[in-house]
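# Examination of the molecular architecture
Spelled out, the chains give:
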There are 2 protein chains.
Amino acid sequence: MNIEKKTEIPQETIRRLSLYLRMLRRLNAQDVKVVSSDKITKFLNISSEQFRKDLSYFGEFGCRGVGYNVNFLIRAIEKILGTDKICRIAVIGVGKLGTALIGYPGFTDFKFQIVAAFDNDPAKIGKKIENLIVLDSADVKKELKRLAVKMVILAVPAFAANAVSEDLAKCGIKAILNFSPININMRRELCVSNVDVACELEGLAYRLKKKMKE
Amino acid sequence: MNIEKKTEIPQETIRRLSLYLRMLRRLNAQDVKVVSSDKITKFLNISSEQFRKDLSYFGEFGCRGVGYNVNFLIRAIEKILGTDKICRIAVIGVGKLGTALIGYPGFTDFKFQIVAAFDNDPAKIGKKIENLIVLDSADVKKELKRLAVKMVILAVPAFAANAVSEDLAKCGIKAILNFSPININMRRELCVSNVDVACELEGLAYRLKKKMKE
């Protein structure tokens, strides 16, 4: 199936596709075969119209009056997102947040596999976190190549984040999910997504302030 | 100063204001008094034009050819976001992620203060995390009222997230930053922001796939 049209897809649509996927996998685990758009969107605070519009970028998936085939839709969205194959990930920096992310329960049913963890702290190197032995950051190039990792989760201190991401780019890393509390420079060859907890809270504080005025 | 105009402000602008603020606070800590827009945006991968456009929603802040007064701009943006006063926050659920978030180093310089942590696991209640004693979730209503908390970070298992957020709404909580790997229902009276690590990775995987095709 030729899933992708040439239109520019809004980032918010991509984010919602992930949410649909999470919901569909949950339904699939419950052995649901066919589902209505209402059922998919009900728990996501998204309208059925939005759901249909998001899917319409990529083609026709449902059957009017019948619904969506859960398995087919899962495979289709995975194909759109490029997560139809196992994606191997490394965590760089195993402080508290890095360690917590290695054990993150939300990866269940997703095709992400954390295959390595690195730190430069001698006290952490060699320790076991979940099923991984923490590796020495000095070996990052060799190990990431050996493990064919293209995507990392970065959880190093703010002062180190830019230098480390420069190094990672040289090691062939193509995408970084950055949890370090600093926006890292996006080099042209890198895809970067920054998750900044304090900024999220500020955004929430702003919405709260606005709501209070309503 | 009458900082806010009546226009609807894009969410992305609010997100960027947080980033500017982080950068400005860093400059302030380095005792920088006046700064150009270039210097503020350089490390954020944001153009100066974007920066000026974002600020323009709220008024005039800089002096052409002179730059921005760092202290003044910090106070102005804090006022816009509603984070000019200390904001007291509780963490609900002190598994690995909740625990890591209590110790999150990115709150430095922000006016968020984590004042309480709750769990329903008897093995965790009474334990000390950073400077907090973990409280019993059964006391959440009484304690949140006593501590005048309006905003929480939610890090409970997916299956519990919706029920817990219902309870929190009844306790007077107005805003939730949700790290549980499920989108929680947004009740009208609640501001919710969901941080879903797996969805972030999927968004990144999609961008990577697209880039590879370029």
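Residues numbered from 1 in each chain as written. Chains lettered and ligands numbered in written order. Predicted model: local features only at pLDDT ≥ 70, side-chain atom pairs only at ≥ 80, totals over all residues. Heavy atoms only, no water.

### Some thoughts on the nonpolar core
Side chains that are nonpolar tend, in soluble globular proteins, to be buried together. Residues Phe107, Met151 and Ile153 of chain A together with Phe107, Met151 and Ile153 of chain B are the most contacted members of the largest nonpolar core, which totals 60 residues. Non-local contacts of Met151 of chain A, meaning those with residues more than four positions away in its chain, are made with Cys87, Arg88, Ile89, Ala90, Ile173 and Ala175 of chain A together with Leu201, Leu204, Ala205 and Leu208 of chain B. (Core = buried A, V, L, I, M, F, W, Y, C linked by side-chain atoms within 4.5 Å. Buried < 20%, exposed > 50% of the residue type's maximum accessible area, 1.4 Å probe, protein only. Contact = heavy atoms within 4.5 Å.)

### Section: the state of the cysteines
Counting across every chain of the model gives zero disulfides over all chains. Free of any disulfide, Cys87 of chain B has its nearest neighbouring cysteine sulfur in Cys191 of chain B, separated by 12 Å. (Disulfide = S-S within 2.5 Å.)

### Remarks on the interface of chain B and chain A
Taken together, the 70 residues of chain B in the interface contact 71 residues of chain A. Taking both partners together, chain B and chain A bury about 6,500 Å²; carbon and sulfur atoms supply 61% of that area. Taken as a group, Leu201, Glu202 and Tyr206 of chain B account for 11% of the area that chain B buries against chain A, more than any other trio of residues on that side. Glu202 of chain A is the partner of Arg25 of chain B in a salt bridge, and the nearest nitrogen-oxygen pair spans 3.6 Å. (Buried area = accessible area lost by both parts, 1.4 Å probe. Salt bridge = Lys/Arg side-chain N within 4 Å of Asp/Glu carboxyl O.)

### Some points on the sheet that holds strand β3 (residues 87–92) of chain B
Residues and elements named next belong to chain B. With mixed pairing, seven strands are arranged side by side in an open sheet as β5-β6-β4-β3-β7-β8-β9. Edge positions in the sheet fall to β5 (128–129) and β9 (191–194), since each has one partner strand and no second. In terms of strand pairing, strand β8 (residues 175–178) meets β9 through four bridges, oriented parallel. Its bridge partner lying in β9, Ile176 is registered against Val192. Packing against the sheet, helix α7 (residues 158–170) makes contact with β3, β7 (151–154) and β8, and its axis sits at approximately 170° to β7. (Pairing = 2+ DSSP bridges. Helix = DSSP H or I, 4+ residues; strand = E, 2+ residues; numbered from the N terminus. Axes fitted to C-alpha atoms, helices over the stretch in contact; angles between N-to-C directions.)

### Section: the environment of Val32 of chain B
All names here are of chain B. One can find Val32 in the loop between α1 (11–29) and β1 (34–35). Judged by its relative accessible area of 22%, Val32 is partly exposed. A sequence separation of 39 residues divides Val32 from Asn71, and the C-alpha atoms of the two residues are 9.0 Å apart. Excluding residues within four positions of it along the chain, Val32 makes contact with Leu27 and Val70.

### Observations regarding helix α3 (residues 48–56) of chain A
Residue and element names in this part refer to chain A. Of all the positions in α3, only Ser48, Phe51, Asp54 and Leu55 are classed as buried. Projected down its long axis, α3 carries its buried residues within an arc of 125°, all on one side. Of the surrounding secondary structure, the elements contacted by the buried residues of α3 are α1 (11–29), α2 (37–41), β2 (68–69) and α4 (70–81). (Arc of directions from axis to C-beta.)

### Considerations on the relation of the copies chain B and chain A
For the pair chain B and chain A, the superposition axis carries a translation of 0.0 Å, the fit reaches an RMSD of 0.0 Å, and the rotation angle comes to 180°. On this basis, the relationship between the two copies can be described by a two-fold rotation axis. Most of the interface of chain B is mirrored in chain A, where 100% of its interface residues are also at the interface. (Least-squares fit on C-alpha atoms with pLDDT ≥ 70 in both.)

### Thoughts on the domain arrangement of chain A
Parsing chain A into structural domains produces domain 1 (11–81) and domain 2 (87–198). Inter-centroid distance (C-alpha atoms) of domain 1 of chain A to domain 2 of chain A is 30 Å. (Domains from an automatic or database assignment.)

### Some words on the sheet that holds strand β8 (residues 175–178) of chain A
All names here are of chain A. An order of β5-β6-β4-β3-β7-β8-β9 is seen for the seven strands of this open sheet, with the pairing classed as mixed. Edge positions in the open sheet fall to β5 (128–129) and β9 (191–194), since each of these has one partner strand only. One ladder, built from six bridges, connects strand β3 (residues 87–92) with strand β4 (residues 112–119); its direction is parallel. Of the residues in β4, the one forming a bridge with Ala90 is Ala116. This element, helix α7 (residues 158–170), spans β3, β7 (151–154) and β8 of the sheet and lies at about 170° to β7.

### Regarding the packing of helix α8 (residues 197–213) of chain A against helix α4 (residues 70–81) of chain B
As a packed pair, α8 of chain A and α4 of chain B sit with axes 8 Å apart at the nearest point and diverge in direction by 60°. Here α8 of chain A lies oblique to α4 of chain B, going by the angle between them. Taken together, the residues of α4 of chain B that come into contact with α8 of chain A (itself represented by Glu202, Ala205, Tyr206 and Lys209 of chain A) are Lys79, Ile80 and Leu81 of chain B. (Parallel < 35°, antiparallel > 145°, perpendicular 65-115°, else oblique.)

### Considerations on the environment of Ile14 of chain B
The topology assignment puts Ile14 of chain B in helix α1. On the accessibility criterion, Ile14 of chain B (5% relative accessible area) is buried. Once the C-alpha coordinates of Ile14 of chain B and Lys142 of chain B are considered, the two residues, 128 residues apart in sequence, prove to be 33 Å apart. Setting aside its immediate chain neighbours within four residues, Ile14 of chain B contacts Gly203 and Tyr206 of chain A together with Ile9, Phe58 and Leu81 of chain B.

### Considering the packing of aromatic side chains
Taken as a whole, this structure holds 14 aromatic pairs over all chains when the rule is applied. Look at Tyr104 of chain B and Phe107 of chain B: their rings are 5.0 Å apart centre to centre, the planes differ by 70°, and that puts the pair in the edge-to-face class. Here the two residues Tyr104 of chain B and Phe107 of chain B agree in accessibility, since each one is buried. Between Phe107 of chain B and Phe112 of chain B, the aromatic rings sit 6.5 Å apart at their centres with planes inclined by 65°, giving edge-to-face as the arrangement. Each of the two residues, Phe107 of chain B as well as Phe112 of chain B, counts as buried. Members of the aromatic cluster, connected to one another through ring pairs, are Tyr104, Phe107, Phe110 and Phe112 of chain A. Residue placement shows Arg25 of chain A over the ring face of Phe110 of chain A; its charged tip is 4.4 Å from the ring centre. (Phe/Tyr/Trp six-rings, centres within 6.5 Å; stacked < 30°, edge-to-face > 60°. Lys NZ or Arg CZ within 6 Å of the ring centre and 35° of its normal.)

### Section: the side chain of Ser48 of chain A
Residue and element names in this part refer to chain A. Inspection of the secondary structure assignment puts Ser48 in helix α3. The class for Ser48 is buried, based on a relative accessible area of 9%. Apart from the residues lying within four places of it in its own chain, the contact partners of Ser48 are Ser37, Asp38 and Thr41.

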